[in-house]
Amino acid sequence: MRITGISTHVVGTPWRNLTYVQVHTDEGITGVGETRMLGHTDALLGYLREAEANHILGSDPFAVEDLVKRMKYGDYGRAGEIVMSGIAVIEMACWDIKGKALGVPVWQLLGGKVTDKVKAYANGWYTTERTPEAYHKAAQGVMERGYRALKIDPFGTGHFELDHQQSLYAVSLIEAVRDAIGPEAELMLEMHGRFSPATAVRLAKELAPFNPAWLEEPVPPENLKALEKVAAKVDMPVATGERIHDRIEFRELFESQAVDIIQPDVGHIGGIWETRKLAATAETHYMLVAPHNVGGPVLTAASLQVGFTSPNFKILEHFNDFADAEIKKVVKGAPQVNPEDGCFHLSDAPGLGVELDVDAAAEFPQQQARFDLWAEGWEQRKPKGSQ
């Protein structure tokens with residue numbers, strides 16, 4: 001079997017573009033991959049056009065390791081977010097092809113299942129007025145859909161510092177959310193790399209009474225010493241990793257022991273097998289894995305293949321019941337959270353278990369998507385000038 005070409009389909013919303021890539025073969029089997037880019041979609045498409053000619057055409061889709069190696073190192077330049085995302089969409093599509101050709105789900109090809117279900121946590125649910133009352137109501141809606149966990153960034157446009165008044169307001173928002181979801185649901189606290197170590201530590205202590213399940217990206221990701229400073233002073237698990245785009249770059253993070261939960265994005269770190277390798281290394285450091293997952297149903301399906309096969313997999317992020325829920329229709333067989341237990345359940349469907357509906361995808365053309373975490377009202381995911 002050989003790859004005969006690729007086709008790209010961008011599904012657009014005002015705040016994000018989702019790039020779907022179909023990989024076609026000479027035996028008529030087509031696989032699909034997905035990633036979400038912020039402000040770099042055209043750059044990704046340009047890279048894929050060159051990579052198709054230089055590396056992808058004529059390749060054996062079963063030889064995933066070889067294709068990834070050639071795409072990552074064959075252009076000599078150091079692979080960053082764009083290249084690793086391009087590799088990811090092709091890589092997961094090849095796994096999809098392999099599973100379909102053999103008639104088995106991808107998780108079966110990764111060593112088999114270690115669990116029948118993966119817990120989900122909701123994100124994108126707080127696209128509402130930024131008040132305790134509105135957040136309380138929205139959080140209740142999350143619980144009513146069967147979720148047992150959710151995540152929130154309550155810090156507005158905070159950057160490095162957060163003054164006393166803004167801090168009190170953030171605490172009031174978290175207090176309202178915890179009241180809405182009760183003591184048993186998990187509440188993940190997102191900081192989006194906003195703060196200085198001192199501010200992150202102070203806020204973590206002020207929010208500790210609401211029992212956050214983790215403290216995510218408390219400081220900008222470029223400075224591990226700053227993260228170590230936070231980890232040494234807070235009494236809750238620390239999570240990070242969504243903005244690391246190469247498995248090898250996690251080495252210093254592991255050595256630092258400054259993190260308890262790593263959050264690789266399957267769509268940015270080279271795909272399914274790269275993430276599974278990373279999860280295995282994390283296991284040797286007694287760390288859990290909870291992938292960043294802000295994409296659509298294909299990226300969710302790909303992330304679940306890692307979840308079902310990794311002993312140290314904690315939970316999976318899920319946006320698609322809340323922000324841009326209508327995009328679920330672009331994929332047939334989209335993974336669904338079971339309202340009985342708030343989990344994704346194992347599927348035996350071959351490959352990734354999903355199919356891209358090209359006609360449905362065409363209903364959401366590419367947009368000049370914007371997502372600025374420093375802009376007022378960012379949490380509503382309605383960029384300035386959008387409808």
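Structure: above.
Residues numbered from 1 in each chain as written. Predicted model: local features only at pLDDT ≥ 70, side-chain atom pairs only at ≥ 80, totals over all residues. Heavy atoms only, no water.

Draft legend 1. Quick look at helix α10 (residues 272-284). Along its 13 residues, α10 runs 19 Å from first to last C-alpha, staying within 8% of the 18 Å computed at 1.5 Å per residue. Those residues of α10 that sit buried are Ile272, Glu274, Thr275, Arg276, Leu278, Ala279 and Ala282. (Helix = DSSP H or I, 4+ residues; strand = E, 2+ residues; numbered from the N terminus. Expected span 1.5 Å × (residues − 1). Buried < 20%, exposed > 50% of the residue type's maximum accessible area, 1.4 Å probe, protein only.)

Draft legend 2. Fine view of the nonpolar core. In terms of nonpolar packing, the biggest core is built from 112 residues, with Ile90, Trp125, Leu150, Ile262 and Ile272 touching the most fellow members. Counting residues per element, this core draws most heavily on helix α3 (residues 81-102), at 10 residues. When residues no more than four places from it in sequence are discounted, the contact partners of Leu150 are Tyr121, Ala122, Trp125, Ala139, Val142, Met143, Val177, Ile181, Glu186, Leu187 and Met188. Core analysis: the next-biggest nonpolar cluster, separate from the first, contains nine residues, Ala149, Trp214, Ala239 and Ile261 among them. (Core = buried A, V, L, I, M, F, W, Y, C linked by side-chain atoms within 4.5 Å. Contact = heavy atoms within 4.5 Å.)

Draft legend 3. Quick look at the side chain of Thr25. In this fold, Thr25 is placed in strand β2 (residues 17-25). Residue classification places Thr25 among the buried positions, given a relative accessible area of 9%. Within polar-contact distance, the side chain of Thr25 engages the backbone oxygen of Ile29 at 2.7 Å. The contact partners of Thr25, leaving out residues within four places of it in the chain, are Met1, Arg2, Ile3, Thr4, Pro61 and Ile97. (Polar contact = N/O pair within 3.5 Å; in protein donor to acceptor, adjacent residues only side chain to side chain.)

Draft legend 4. Layout of the pattern of salt bridges. Under the counting rule described, the total for this entry stands at 24 salt bridges. Between Glu255 and Arg251 there is a salt bridge whose closest N-O contact spans 3.1 Å. Here Glu255 and its partner Arg251 are both found in helix α9 (residues 251-256), four residues apart, which amounts to about one turn of the helix. As a salt-bridge pair, Glu274 and Lys277 come within 3.4 Å of each other at their nearest N and O atoms. Of this pair, Glu274 and Lys277 both sit in helix α10, separated by three residues, roughly a single helical turn. (Salt bridge = Lys/Arg side-chain N within 4 Å of Asp/Glu carboxyl O.)

Draft legend 5. Spatial organisation of the layout of surface pockets. Estimated volume of the largest pocket: approximately 570 Å³. In terms of lining residues, the largest pocket is bounded by 30 residues, among which Leu38, His192, Glu242, Arg243 and Leu373 are the most central. In terms of residue class, the lining of the largest pocket is built from 11 nonpolar, eight polar and 11 charged. (1 Å grid on protein atoms, 1.4 Å probe; cavity = no way out; pocket = protein on both sides within 12 Å on 5 of 7 lines; lining within 4 Å. Points joined across faces, edges and corners; volume = space filled by probe spheres on them. Nonpolar A, V, L, I, M, F, W, Y, C, P; charged D, E, K, R; others polar.)

Draft legend 6. Spatial organisation of the sheet that holds strand β1 (residues 3-12). A sheet is described by the order of its strands in space; here three strands give the open sequence β1-β2-β3, paired in antiparallel fashion. Each edge of the open sheet is held by one strand with a lone partner, namely β1 and β3 (30-37). On average, each strand axis in the sheet is inclined to that of its neighbour by 20°, with strand direction left out of account. Relative to β3, β2 runs antiparallel, the two being bridged by eight bridges. What sits directly across from Tyr20, in β3, is Glu34. Sheet strands touched by helix α11 (residues 297-309): β2 and β3. Its angle to β3, the strand with the most contacts, is close to 105°. (Pairing = 2+ DSSP bridges. Axes fitted to C-alpha atoms, helices over the stretch in contact; angles between N-to-C directions.)

Draft legend 7. Quick peek at the side chain of Arg16. With respect to the helices and strands, the residue Arg16 is situated in the loop between β1 and β2. Residue classification places Arg16 among the buried residues on the basis of a relative accessible area of 0%. Reaching out from Arg16, the side chain makes a polar contact with the backbone oxygen of Val294 at a distance of 2.4 Å. A polar side-chain atom of Arg16 sits 3.4 Å from the main-chain carbonyl oxygen of Gly295. Apart from residues lying up to four places away in sequence, Arg16 is in contact with Val11, Arg36, Val294, Gly295, Phe319, Asn320, Ala323, Asp324, Ile327 and Ala369.

Draft legend 8. Summary view of the packing of α10 against α11. Axis separation between α10 and α11 bottoms out at 9 Å; the angle between their running directions is 30°. Regarding α10 and α11, the two cross each other, and that crossing is right-handed. Here α10 contributes Ile272, Thr275 and Arg276 to the contact with α11, which in turn contributes Ala302, Gln305, Val306 and Thr309. Here the contact of α10 with α11 is built from residues that sort into three nonpolar, three polar and one charged. (Left-handed = near helix turned anticlockwise from the far one by under 90°.)

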